[in-house]
Amino acid sequence: MPDQLAKARPSALSRLHLATPRQHESVLITPPWAELTDLVQTNAAMLTDTDVDLNGVPLRTLRQQVRAAVIAEAVTYTRSLIGEDVVQPDRARLIVTGHQPELFHTGVWAKNFATAGLARATDAIALNLIIDNDTIASTRIKVPAGNHGAPTIEWMAFDATRPQQPWEEATILDPALFRSFADRVSPRIRECWGFEPLVASSWRAAVDQMKHSPRLCDCLAAARVAVERSQGLQNLEVPMSRVCNTSGFDYFFAFLLARLPQFHAAYNSAIREYRRAYQMRSTTHPVPELDTQGEWLEIPFWIWRAGDHRRLRPYARQVGSQIEVRAGREICAQLPVAPDAELGRALSALSELRTKGLRVRTRALTTTLFARLFLADLFIHGIGGAKYDAMTDRICEEFLGLRPPTFATVSATVFLPLGQPYPLTVEEVHRHEQRIRDLRYNPDRYSSRSQSETQVLIREKGEILSRLTDRRPSKDEHHRLAAINSELYSHLQPLKAAWKGDLERLRKQVQANLVLKDREFSWCLQPSDAAIPFFRRQFLQ
């Protein structure tokens with residue numbers, strides 16, 4: 001228990017400096033790849049040796065139970081995606097990553113290859129958590145069109161639009177649109193850019209999955225896993241919804257309820273400290289603080305009922321030897337939970353509520369808190385998750401008195417083969433804009449001095465300016481300077497036209513680079529000979 005531990009005040013939360021890789025075939029790995037093998041062993045030993053217990057049950061015991069249950073779920077789910085048997089691995093270590101089931105960009109995909117490579121290097125299991133408790137942002141992806149000189153973005157849908165809802169509840173609304181996705185995207189890529197995207201071969205797995213599951217996230221996962229398996233990755237897959245239906249997750253939920261005042265305070269303290277470190281004034285970023293409504297304390301989970309589109313922020317309060325949980329105005333659970341009580345009866349009550357369609361799901365910080373403490377020997381984040389998980393570290397220290405296991409951060413950039421980006425910067429465009437402006441107000445700098453008329457005007461302007469070292473020009477001098485500039489400028493119109501042409505060309509190149517150097521195109525648009533070989537060199541050799 002937290003109260004049993006002598007807790008030194010942890011050092012102040014500091015900013016995590018993680019730079020997004022911007023160049024083609026560049027990667028961010030921190031800590032360095034060579035250190036991750038030892039880090040897996042260090043984390044595993046720390047989590048095995050800790051004397052932290054949760055209402056009488058050692059953390060190490062809960063980890064064993066949770067890992068066994070989640071791996072069993074992952075084997076079953078992965079088998080359903082690939083349509084063939086998956087042998088349950090008998091390995092001691094577990095490398096975990098995760099993301100929403102969307103058609104995410106290539107930089108996110110790097111985590112899956114890193115997880116597979118590190119699992120090979122440490123004889124561990126690789127596990128990807130499909131975060132289906134998050135809401136769907138979009139059912140379309142951006143596709144590059146046009147040509148190298150004038151590239152454009154088109155948006156192509158893989159399913160019909162819908163009201164905001166959790167991925168867990170989302171089924172395919174327009175089967176015909178879904179089936180035709182690759183047949184619409186692939187010819188467009190071939191026509192404009194001359195290569196075959198992965199979606200052309202992988203989408204068959206997504207369409208075949210429709211025969212077994214109407215869930216959108218299952219079908220999208222099937223397409224990605226088909227590609228990964230073809231490259232020798234043996235990652236197991238499991239939706240977070242299945243993880244949240246295990247008894248180990250129920251214990252985690254009941255324990256946090258039993259210690260809710262302390263957890264509530266540690267959670268909000270971590271958010272406030274993060275905002276101070278990053279100099280944020282927003283009350284909603286990176287996440288809102290947990291609310292208090294009288295004796296009701298907000299808990300950092302989502303609750304809804306099966307089939308609902310809207311996730312609700314639940315609140316809880318202690319009433320005698322029970323915890324009441326409400327979502328909206330409804331008291332949806334009354335659990336026999338007290339700070340130092342055994343939690344077995346609460347687990348039975350949660351299991352019964354689940355049979356009645358109640359969904360209890362993690363939010364962002366509780367997702368990684370659970371994954372890092374109960375599942376992973378090493379969790380691999382992307383850049384955004386890594387920055388936010390500084391708060392999870394602090395919650396772990398403040399609430400459990402436990403030094404959190406170290407996580408890794410992986411991201412990458414592999415551009416689509418749309419042709420070489422133009423070698424210029426926005427600053428170069430600004431310099432051209434300034435030069436054209438300077439042409440208007442200082443035409444003497446650019447005028448030909450071989451013309452006698454021009455020489456006279458330039459000389460006169462110089463004489464006027466020489467008299468203005470310690471005063472402003474008189475009205476007459478001001479008008480004369482303006483007239484000289486106007487006269488000189490009138491002789492520079494051919495030069496102005498040429499420079500404006502150069503500027504327009506540069507602006508078009510800058511706009512083109514926004515597409516040519518866009519790192520956030522979906523993995524499914526990559527050709528087979530671009531990102532995959534790069535990831536294999538980085539993580540699998």
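Enquirer: Describe unusual backbone geometry, with residues and values.
Expert: That bond from threonine 30 to proline 31 is cis: its omega, -5°, falls within 30 degrees of zero. Relative to the helices and strands, proline 31 is located in the loop between strand S1 (26-30) and helix H1 (33-49). Even without being glycine, glutamate 25 reaches a positive phi, approximately 55°. Residue placement: glutamate 25 occurs in the segment before S1. Here glutamate 25 falls in the partly exposed class, since its relative accessible area comes to 35%. You will see that asparagine 55, though not glycine, has its phi angle at about 50°, which is positive.

Enquirer: Tell me about the pattern of salt bridges, and name the residues and values.
Expert: Evaluated as defined, the whole model comprises 42 salt bridges. With a shortest N-O distance of 2.8 Å, glutamate 237 and arginine 224 are connected by a salt bridge. Taken as a pair, glutamate 237 in strand S8 (residues 236-239) and arginine 224 in helix H7 (residues 216-230) lie far apart in primary sequence, 13 residues in all. We note that glutamate 237, like arginine 224, is buried. Members of the salt-bridge network, linked through shared partners, are Glu168, Glu169, Arg359 and Arg361.

Enquirer: Requested: an account of the packing of helix H10 (residues 260-277) against helix H13 (residues 383-400), with residues and values cited.
Expert: Running from N to C, H10 and H13 cross one another at 140°; their axes reach a closest spacing of 9 Å. Taken as axis vectors, H10 and H13 run oblique relative to one another. Of the two elements, H10 crosses H13, and the hand of that crossing is right-handed. Where H10 abuts H13, its residues Gln262, Phe263, Ala266, Tyr267, Ala270, Ile271, Glu273 and Tyr274 lie against Lys387, Tyr388, Ala390, Met391, Arg394, Ile395, Glu398 and Phe399.

Enquirer: Kindly report on the packing of helix H15 (residues 452-466) against helix H16 (residues 475-490), identifying the contributing residues and their values.
Expert: Two elements in contact, H15 and H16, have axes whose closest approach is 10 Å; the angle formed by their N-to-C orientations is 150°. Between H15 and H16, the angle falls in the class roughly antiparallel. The handedness of the crossing between H15 and H16 is left-handed. Only Glu477, Arg480, Leu481, Ile484, Asn485, Glu487 and Leu488 of H16 make contact with H15, whose side of the interface consists of Glu453, Thr454, Leu457, Ile458, Glu460, Lys461, Ile464 and Leu465.

Enquirer: I'd like a rundown of the side chain of histidine 264, residues and numbers included.
Expert: The residue histidine 264 is located in helix H10 in this model. By relative accessible area, histidine 264 is classed as buried at 7%.

Enquirer: Account for the packing of aromatic side chains, with residues named and values stated.
Expert: Counting across every chain of the model gives 24 aromatic pairs. Relative to tyrosine 278, the ring of tyrosine 274 lies with its centre 4.4 Å away and its plane at 25°, an arrangement referred to as stacked. In this pair, the class of tyrosine 274 matches that of tyrosine 278, namely buried. An aromatic cluster is defined as three or more aromatic residues linked by ring pairs; in this entry it consists of Trp33, Trp109, Phe113, Trp523, Phe534, Phe535 and Phe539. The ring of tryptophan 302 carries arginine 311 above its face, with NZ or CZ at 3.9 Å from the centroid. Over the ring of tyrosine 441 we find arginine 440; its NZ or CZ atom is 5.8 Å from the centre of that ring.

Enquirer: Can you lay out the sheet that holds S8 for me, pointing to particular residues and giving the numbers?
Expert: Taken in spatial order, the six strands line up as S1-S17-S16-S4-S5-S8 in an open sheet, and their pairing is mixed. Because the sheet does not close on itself, it has two edges, and the strands there are S1 and S8. The sheet shows a mean angle of 25° between the axes of neighbouring strands, taken without regard to direction. As judged from the seven bridges shared by strand S4 (residues 93-99) and strand S5 (residues 124-130), these two strands associate in the parallel manner. Each bridged residue has a counterpart across the sheet, and for isoleucine 95 the counterpart in S5 is alanine 126. On top of the sheet, helix H3 (residues 106-122) reaches S4, S5, strand S16 (378-381) and strand S17 (408-413); it is set at about 175° to S4, its chief contact.

Enquirer: Which residues make up the pairing of S17, and what values do they have?
Expert: Most of S17 is tucked away, with six of its six residues classed as buried. With five bridges connecting them, S1 and S17 associate as antiparallel partners. Residue pairing across strands places leucine 28 opposite serine 411, the latter belonging to S17. Across two bridges, S16 lies against S17 in parallel orientation. By the bridge assignment, histidine 381 is partnered in S17 with threonine 409.

Rules used in this analysis
Residues numbered from 1 in each chain as written. Predicted model: local features only at pLDDT ≥ 70, side-chain atom pairs only at ≥ 80, totals over all residues. Heavy atoms only, no water. Helix = DSSP H or I, 4+ residues; strand = E, 2+ residues; numbered from the N terminus. Buried < 20%, exposed > 50% of the residue type's maximum accessible area, 1.4 Å probe, protein only. Salt bridge = Lys/Arg side-chain N within 4 Å of Asp/Glu carboxyl O. Axes fitted to C-alpha atoms, helices over the stretch in contact; angles between N-to-C directions. Parallel < 35°, antiparallel > 145°, perpendicular 65-115°, else oblique. Left-handed = near helix turned anticlockwise from the far one by under 90°. Contact = heavy atoms within 4.5 Å. Phe/Tyr/Trp six-rings, centres within 6.5 Å; stacked < 30°, edge-to-face > 60°. Lys NZ or Arg CZ within 6 Å of the ring centre and 35° of its normal. Pairing = 2+ DSSP bridges.

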